[in-house]
Amino acid sequence: MHVRYLQHQHQGTVQLLLMPLSSAEKARKDRKWSNGRMLDDDENECESVPLPIQTFLWRQTNPFLGQKIGKLHEASCVTFERVVVQNILHGLSPSLSDAIQSVSRWRFVKAAFPHILQCCASLIAEEGECAAVAALDDDESPATPMPMGQSLQKILYILHWLLLDSANECNETESGKSIADIDPQAQIRQTAFSISSIQLFVYLLAPLIQYVHEDEIASNIRLESGLKIWQALRQVSRSI
């Protein structure tokens, strides 16, 4: 196994890459490096974020890895919305605040995306199980869906913002231009989530689509804009 260390000059972080020996030599010859960054189509995939950001994201995600949903989940959802969506850094530790400000907002958003997906999948699965148990216990109206919890509403709002609005907002903040003003080829590289992130979105949420009620999303003013996401995912799930 070949080990490669990438030193990131501005953040002072080290990224560890593992690859088979057979591909290591080929990768060394085929890829060019400039100032510690790869100049190929996978450039964004190899970008790391400072350790305080990684620690922050994992601490917020950790409660969702348990079996029961509680107060810690609500607190994590509130924190995710404040920091990731609203970009409010007040109240964070100096090291975390400095780390977030040291990278572009879009880079921070992309780093947070897989964590939001994990949290969203956990909440949907938990509420789906609770609804199934309630349906078994309630003989009179077993098909009546349970109302969506506050934590799920908040994490769905964050997910919708990430998929629909984050790229444009981040680009306007950093360059003063909307996505429509960017060259189409550059737009894909600079304002799109990676294929692996989209794959993770499908793999985590497609099996849970039965627990997502489109009427609840359509009737919620904060979530209605994301209805098309779930309609498209449901169509994909039916075709598989």
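Residues numbered from 1 in each chain as written. Predicted model: local features only at pLDDT ≥ 70, side-chain atom pairs only at ≥ 80, totals over all residues. Heavy atoms only, no water.

Going by the annotation in an unreviewed UniProt entry, the name recorded for the protein chain is Cation channel complex component UNC80 N-terminal domain-containing protein, with Steinernema carpocapsae given as the source organism.

Engineer: I'd like a description of the overall build of the protein chain, backed by residues and values.
Structural biologist: Helix and strand content of the protein chain: 11 helices and four strands. A burial count over the protein chain gives 40% of its 240 residues as buried. Summing over all exposed atoms, the protein chain offers an accessible surface of approximately 14100 Å²; the carbon and sulfur share of this is 53%. (Helix = DSSP H or I, 4+ residues; strand = E, 2+ residues; numbered from the N terminus. Buried < 20%, exposed > 50% of the residue type's maximum accessible area, 1.4 Å probe, protein only. Areas by Shrake-Rupley, 256 points an atom, 1.4 Å probe, with all protein chains shown as cover.)

Engineer: Go over helix α2 (residues 51-61) with me, naming the residues and quoting the values.
Structural biologist: Of all the residues in α2, the buried ones are Ile53, Phe56, Leu57, Gln60 and Thr61. Seen from one end, α2 has its buried residues packed into an arc of 125 degrees, which puts them on one side. What points out from α2, more than 90 degrees from its buried face, is the exposed set Leu51, Trp58 and Arg59. (Arc of directions from axis to C-beta.)

Engineer: Any details on the pattern of salt bridges? Residues and values, ideally.
Structural biologist: For the structure on display, the rule yields three salt bridges. Across the salt bridge formed by Lys154 and Glu81, the nearest N and O atoms sit 2.9 Å from each other. On the criterion of sequence distance, the pair formed by Lys154 in helix α6 (residues 150-164) and Glu81 in helix α3 (residues 71-85) is long-range, its members being 73 residues apart. With relative accessibility at 7%, the residue Glu81 sits in the buried group. Of the charged contacts in the structure, one is a salt bridge between Arg222 and Glu81, with a shortest N-O distance of 2.6 Å. With a gap of 141 residues between them, Arg222 in the loop between α10 (214-218) and α11 (227-239) and Glu81 in helix α3 connect regions that are remote in the sequence. The class for Arg222 is partly exposed, based on a relative accessible area of 36%. One salt-bridge network, in which partners are shared between bridges, spans Glu81, Lys154 and Arg222. (Salt bridge = Lys/Arg side-chain N within 4 Å of Asp/Glu carboxyl O.)

Engineer: Explain the nonpolar core residue by residue, including any values.
Structural biologist: Burial of nonpolar side chains together is a common tendency in soluble globular proteins. Ile53, Ile124, Ile155, Leu159, Leu162, Leu205 and Trp230 are the most contacted members of the largest nonpolar core, which totals 51 residues. The set of elements that each furnish at least two residues to this core consists of α2, α3, α4 (94-101), α5 (105-137), α6, α7 (166-175), α9 (195-205) and α11. Residue contributions to this core peak at 13 residues, all from α5. The residues contacting Ile124, other than those within four sequence positions of it, are Leu152, Leu156, Leu205, Leu208, Tyr211, Val212 and Trp230. (Core = buried A, V, L, I, M, F, W, Y, C linked by side-chain atoms within 4.5 Å. Contact = heavy atoms within 4.5 Å.)

Engineer: How would you summarise the packing of aromatic side chains if you had to cite specific residues and measurements?
Structural biologist: Evaluated as defined, the whole model comprises three aromatic pairs. Arranged with centres 6.5 Å apart and planes meeting at 75 degrees, the rings of Phe56 and Phe80 form a pair that is edge-to-face. Of this pair, Phe56 sits in helix α2 while Phe80 sits in helix α3, and the two are 24 residues apart along the sequence. Considered together, Phe56 and Phe80 belong to a single accessibility category, that of buried residues. Ring geometry for Trp106 against Phe193: centres 5.0 Å apart, planes inclined by 50 degrees, an arrangement best described as tilted. You can see Trp106 sitting in helix α5 and its partner Phe193 sitting in the loop between α8 (184-191) and α9, a full 87 residues away along the chain. For the pair Trp106 and Phe193, a shared accessibility class is recorded, and that class is buried. Feature note: the residues Trp106, Phe113 and Phe193 constitute an aromatic cluster, connected by ring pairs. The lysine or arginine in question, Arg222, covers the ring of Tyr157, its NZ or CZ lying 3.8 Å from the ring centre. (Phe/Tyr/Trp six-rings, centres within 6.5 Å; stacked < 30°, edge-to-face > 60°. Lys NZ or Arg CZ within 6 Å of the ring centre and 35° of its normal.)

Engineer: Mind laying out the environment of Pro94, listing which residues take part and the relevant values?
Structural biologist: When you line up the elements, Pro94 lands in helix α4. Residue Pro94 is classed as exposed on the basis of its relative accessible area of 64%. The spacing of Pro94 and Pro52 is 42 residues in sequence and 9.9 Å in space, taken between C-alpha atoms.

Engineer: Break down the environment of Ser122 for me, with residues and values.
Structural biologist: With respect to the helices, strands and loops of the structure, Ser122 is situated in helix α5. With relative accessibility at 14%, the residue Ser122 sits in the buried group. Residues Ser122 and Leu208 lie 86 residues apart in sequence; the distance between their C-alpha atoms is 9.7 Å. A distance of 3.1 Å separates a polar atom in the side chain of Ser122 from the backbone oxygen of Phe64. A distance of 3.0 Å separates the side chain of Ser122 from the backbone oxygen of Gln118, its partner in a polar contact. (Polar contact = N/O pair within 3.5 Å; in protein donor to acceptor, adjacent residues only side chain to side chain.)

Engineer: For α11, give the residues involved together with the corresponding values.
Structural biologist: With 13 residues, α11 should reach 18 Å at 1.5 Å per residue; the first-to-last C-alpha distance of 19 Å fits that figure. Those residues of α11 lying buried are Leu227, Ile229, Trp230, Leu233 and Arg234. One side of α11 holds all its buried residues, which, seen down the axis, span an arc of 155 degrees. Relative to its buried face, α11 has exposed residues pointing more than 90 degrees away, namely Lys228, Gln235 and Ser239. (Expected span 1.5 Å × (residues − 1).)

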